[in-house]
Amino acid sequence: MPSTVVRWRFSPAATRSLRLLVYAAVGLLVGPAVGFVGLLLTTLLRADAGLLLLVVALFVGLGVGSGRALVGLASGELPTPIHEDVRALSCRWVAGAVLTTAGLTVWGFRATGVGLELIVGSVVTGVLALVIGAGLRTDGVVDCDGGTLTYRGHTVPLDAVRRVRSARVGPFVLALLRYYDASVGPSTPRFVVCSAAARRAIASVRSSDSATTAPGAEDHATPIAVRLVAAAFGLGCLAVGPLLWVGLPAGGGRLLAVYLGLFGLLFGALFIRYALVA
């Protein structure tokens, strides 16, 4: 087994694709607001000069306050890794992304009848880009000598890994780890974003380990009754939304069903995950 430690770090400062994802997210989230304000100012310019001045003053005040906040963050008030990410961003790229989506927003309102839909779609896509970027922003260490993977504050013994399925997307390797039953705790990461070198290191450690089962599995064993109770709670939470949708009257009742159903979906997924991996 090679005596080596493999490290990786994916961040906007170190990874070009993550920087592009940040530019896209900022443009999709901020651009529609800038475009909408531009349309509002144009409309007010034709109607009421006093109201226009008030809106401009508020907009400038918010802009100055936001600018000072960004300067304060970039000047070192953030932790070092985030500080480096902020400094790595190009102001030209950020401004270009914002102005591009602002122009598309203005065009959508003037040339089509789906202006509001474009804004909603842009914001939703921007949030998704932020979520994806946060998921891909990772760092970790594979210690081949110690046979461990350090990832998101967890140290995973690689001799507990039964199978690894992975797919490569650009510089990222999306790996799904399957562990021996009751060999690790329920909070141990199952999904890992790592580099290709780290994936090869994990494979080399596992291939050199002749053990067929993970040692100390009984330390993490969860009684079957607890897992059944968790599964029952999870299924019950998942059923809340559909049951309320059918039982409550249309209108406000349906809105309440959707609202509670989203919470039921979240907690149901957590309970069922615990029942499966505990």
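See the structure above.
The shown structure was predicted, so the numbers you read here are calculated from the model rather than taken from an experiment. (Residues numbered from 1 in each chain as written. Predicted model: local features only at pLDDT ≥ 70, side-chain atom pairs only at ≥ 80, totals over all residues. Heavy atoms only, no water.)

The next thing to look at is the overall build of the chain. Helix and strand counts for the chain come out as eight helices and seven strands. A buried classification covers 29% of the 278 residues belonging to the chain. Of the contacts made within the chain by residues no fewer than 6 positions apart, 64% connect residues no fewer than 24 positions apart. Summed over its atoms, the accessible surface of the chain is roughly 16,600 Å², and 69% of this surface lies on carbon and sulfur atoms. (Helix = DSSP H or I, 4+ residues; strand = E, 2+ residues; numbered from the N terminus. Buried < 20%, exposed > 50% of the residue type's maximum accessible area, 1.4 Å probe, protein only. Contact = heavy atoms within 4.5 Å. Areas by Shrake-Rupley, 256 points an atom, 1.4 Å probe, with all protein chains shown as cover.)

What follows covers the nonpolar core. Trp8, Val142, Leu149, Leu158, Tyr179 and Val192 are the most contacted members of the largest nonpolar core, which totals 28 residues. Each residue touching Leu158, except ones within four places of it in the same chain, is listed here: Val142, Gly147, Thr148, Leu149, Ile202, Val205 and Arg206. (Core = buried A, V, L, I, M, F, W, Y, C linked by side-chain atoms within 4.5 Å.)

Here we take up the packing of aromatic side chains. Counted under the stated rule, the structure contains three aromatic pairs. Aromatic pair Phe10 and Phe172: ring centres 4.7 Å apart, planes at 65 degrees, arrangement edge-to-face. With a gap of 162 residues between them, Phe10 in the loop between strand E1 (5–9) and helix H1 (16–47) and Phe172 in strand E6 (residues 172–179) connect regions that are remote in the sequence. Like Phe10, the residue Phe172 is buried in the burial classification. Relative to Trp93, the ring of Tyr23 lies with its centre 5.5 Å away and its plane at 20 degrees, an arrangement referred to as stacked. Remark: Trp93 occurs in helix H4 (residues 91–111) and Tyr23 occurs in helix H1; sequence separation between them is 70 residues. A relative accessible area of 7% places Tyr23 in the buried class. Owing to a relative accessible area of 48%, Trp93 belongs among the partly exposed residues under this scheme. (Phe/Tyr/Trp six-rings, centres within 6.5 Å; stacked < 30°, edge-to-face > 60°.)

Let us now look at H4. Taking 1.5 Å per residue as the helical rise, H4 with its 21 residues ought to reach 30 Å, and the 30 Å between its terminal C-alpha atoms agrees with that figure. Along H4, the positions that sit buried rather than exposed are Ala97, Val98, Thr101, Ala102, Thr105 and Gly108. Each buried residue of H4 lies within a common arc of 125 degrees when the element is viewed along its axis, so the set occupies one face. Residues of H4 that are exposed and point more than 90 degrees away from the buried face comprise Arg92, Leu99, Trp107, Arg110 and Ala111. (Expected span 1.5 Å × (residues − 1). Arc of directions from axis to C-beta.)

All right, on to the sheet that holds strand E2 (residues 139–143) then. Spatial strand order, E1-E2-E3-E4: four strands in an open sheet with antiparallel pairing. Looking along the sheet, the strands with just one partner apiece sit at the ends: E1 and strand E4 (154–157). Across this sheet, the average inter-strand angle for adjacent strands is 15 degrees, counted without regard to direction. Pairing of strand E3 (residues 148–151) with E4 involves four bridges; the strand directions are antiparallel. Across the sheet, residue Thr148 finds its bridge partner in E4, namely Pro157. (Pairing = 2+ DSSP bridges. Axes fitted to C-alpha atoms, helices over the stretch in contact; angles between N-to-C directions.)

Positioned with a positive phi, Arg152 is a non-glycine residue whose angle comes to about 50 degrees. The topology assignment puts Arg152 in the loop between E3 and E4.

Moving on, we come to a nonpolar patch on the surface. Judged by side-chain polarity, Val229, Phe233, Val240, Leu256, Tyr259, Leu260, Phe263, Leu266, Phe267, Leu270 and Phe271 come together as a nonpolar surface patch covering roughly 1,000 Å² of accessible area. Broken down by secondary-structure element, the contributors of at least two residues to the nonpolar patch are helix H7 (224–247) and helix H8 (252–277). Among the elements that make up the nonpolar patch, the one with the highest residue count is H8 (eight residues). With respect to the secondary-structure elements, Phe233 resides in helix H7. (Patch = residues over 30% accessible without salt bridge, like charges linked within 9 Å, V, L, I, M, F, W, Y side chains within 5 Å. Salt bridge = Lys/Arg side-chain N within 4 Å of Asp/Glu carboxyl O.)

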